[in-house]
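Coordinate inspection notes
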Amino acid sequence: MPKISFVITVYNKAPFLPSVIEGLKAQTGSFEREFIFIDDGSSDASVDVIRSKTAGMENVRIVAQDNHGPAIATNNAVGIATGDWIKLVDSDDVLAPYCSELLLKNALAHDLDFIFGSADYYKMEAGPVFPATDIDTLETILFADPLFTVVDRGFARVSHCMFKKEVFERAGGCDPRIFSQDHSLFIRLSASGKLGQIKHVVCLGPEDEPGRIMNNQAQVIHDASIALAYFAKDHPEIASEKKKLIAKKVLSRIRKWEKKELKIGGFGPAGRQYLLSRLGLVPGGEELVSLCGAFATNAKLRIPTRTALPPLKDITNDD
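Residues numbered from 1 in each chain as written. Predicted model: local features only at pLDDT ≥ 70, side-chain atom pairs only at ≥ 80, totals over all residues. Heavy atoms only, no water.

Where side chains of opposite charge bring their charged atoms close, a pairing between them can arise. Following the criterion strictly, the structure yields 16 salt bridges and no others. Two residues, Arg51 and Asp48, come together in a salt bridge whose shortest N-O distance is 3.9 Å. Here Arg51 and its partner Asp48 are both found in helix α2 (residues 46–53), 3 residues apart, which amounts to about one turn of the helix. Overall, the relative accessible area of 23% leaves Arg51 in the partly exposed class. Across the pair Asp234 and Arg177 runs a salt bridge, and its minimum N-O distance is 2.5 Å. Separated by 57 residues along the polypeptide, Asp234 in helix α8 (residues 217–234) and Arg177 in the loop between α6 (165–171) and α7 (182–190) bring together distant segments of the chain. Salt bridges linked by common partners bring Asp175, Arg177, Arg188 and Asp234 together as one network. (Salt bridge = Lys/Arg side-chain N within 4 Å of Asp/Glu carboxyl O. Helix = DSSP H or I, 4+ residues; strand = E, 2+ residues; numbered from the N terminus. Buried < 20%, exposed > 50% of the residue type's maximum accessible area, 1.4 Å probe, protein only.)

Pasting the structure below:
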């Protein structure tokens, strides 16, 4: 029987955790399961809420690390997971009851390494509500060239996806040089295995959560762009059409940022490189990484200064 390790990264999300945990309890399907909560240095009551709301649940493990951000927390927690499948859950996202069963069923049916559904939002006053769903009627989209598709479409988020642990390890996990985990996760996994998508909502996040990373536009665009740039730098062997597509995506975003936010017109450093790339002079990954520094101008970004995995402390049974 397959085993799913649910990995929940937590940082100051106490108000949202009761709904998240109820969603975990409600998961349908015939598979073994374990639940790993990793606290990334919370200063609120998150750990107390986890202990309270998981009381009576089997196979729960609560670990803690010094604050390093969600990418490193994800890598640390997946490292101790014992399941052959990993189901990531953001600590303010609620899974649909059918989420894990649907993803696992279709991943196995199509021999996939990585599968994801759709994500949406719920209003706080109403709470998360999922419609009745017949999972046997939902189709899986298979991608002939997963990496090209992911680069082209820019998929992100994590609570709507599931993947094999061994593929995550082979891909190198989330890029620890980047604060957020989702962009590098999609890029790295899509380059390492077979990918499929189900266009049906499998999780909901709160519409007005003030601490969400995506509320910082500079952080989101920076992380999405530098994830591509680092991948190009780390993989100079990738096909030329993928190099061109990565350069186009990264330079286009930085160019728009230079024009809109930095007010330097269309001929800033990225603007010039963008025009040169249209003539066939495509910059390498290292230069793209350097150009991503534009997002830090007049903006507050969280960029890891420590990329090694910090020590983990098991606090499952701490008083």
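Tallied over the entire structure, the rule returns 0 disulfides. With no disulfide of its own, Cys161 lies closest to Cys203 among cysteine sulfurs, the gap being 8.9 Å. Cys174 forms no disulfide, and the closest cysteine sulfur to it belongs to Cys161, at a distance of 9.0 Å. (Disulfide = S-S within 2.5 Å.)

Quick look at the packing of aromatic side chains now. For the structure on display, the rule yields 12 aromatic pairs. Relative to Phe186, the ring of Phe116 has its centre 5.1 Å away and its plane inclined at 85°; by these criteria the two rings are edge-to-face. Of this pair, Phe116 sits in strand β6 (residues 114–122) while Phe186 sits in helix α7, and the two are 70 residues apart along the sequence. Phe116 gets classed as buried once you look at its relative accessible area, which sits at 2%. A residue is classified by how much of its surface remains accessible, and Phe186, at 0% relative accessible area, is buried. (Phe/Tyr/Trp six-rings, centres within 6.5 Å; stacked < 30°, edge-to-face > 60°.)

The subject of this paragraph is the environment of Ile303. Looking at the element boundaries, Ile303 is found in the loop between α11 (285–291) and β10 (313–314). You can call Ile303 partly exposed: its relative accessible area is 46%. Remark: the alpha-carbon pair of Ile303 and Asp136, spanning 167 residues in sequence, is separated by 42 Å. What Ile303 contacts, discounting residues up to four positions off in sequence, is Arg177 and His222. (Contact = heavy atoms within 4.5 Å.)

Now for the environment of Pro15. Here Pro15 is to be found in the loop between β1 (3–10) and α1 (17–25). For Pro15, a relative accessible area of 64% corresponds to the exposed category. Here the alpha-carbon distance between Pro15 and Ser46, two residues 31 residues apart in the chain, equals 8.0 Å.

Strand β3 (residues 60–64) sits mainly inside the fold: 4 of its 5 residues count as buried. Note: strand β2 (residues 32–39) against β3, 5 bridges, orientation parallel. Residue pairing in the sheet places Ile36 in a bridge with Arg61 of β3. Looking at chain direction, β3 and β10 are connected through 2 bridges and run antiparallel. The residue bridging Val63 from the neighbouring strand is Asp314, located in β10. (Pairing = 2+ DSSP bridges.)

A large share of strand β9 (residues 195–206) lies buried, amounting to 9 of its 12 residues. Bridge count for strand β5 (residues 94–95) against β9 is 2 bridges, and the pairing is antiparallel. Paired with Leu95 across the two strands is Cys203, which belongs to β9. Taken together, the 8 bridges between β6 and β9 define a ladder with parallel strand orientation. From the neighbouring strand, Asp120 faces β9, where its bridge partner is Leu204. Pairing geometry for strand β7 (residues 141–142) and β9, over 2 bridges, is antiparallel. Counterpart to Leu142 in the pairing with β9 is Gly196.

Remember, this is a structural readout, not a statement about activity or role.
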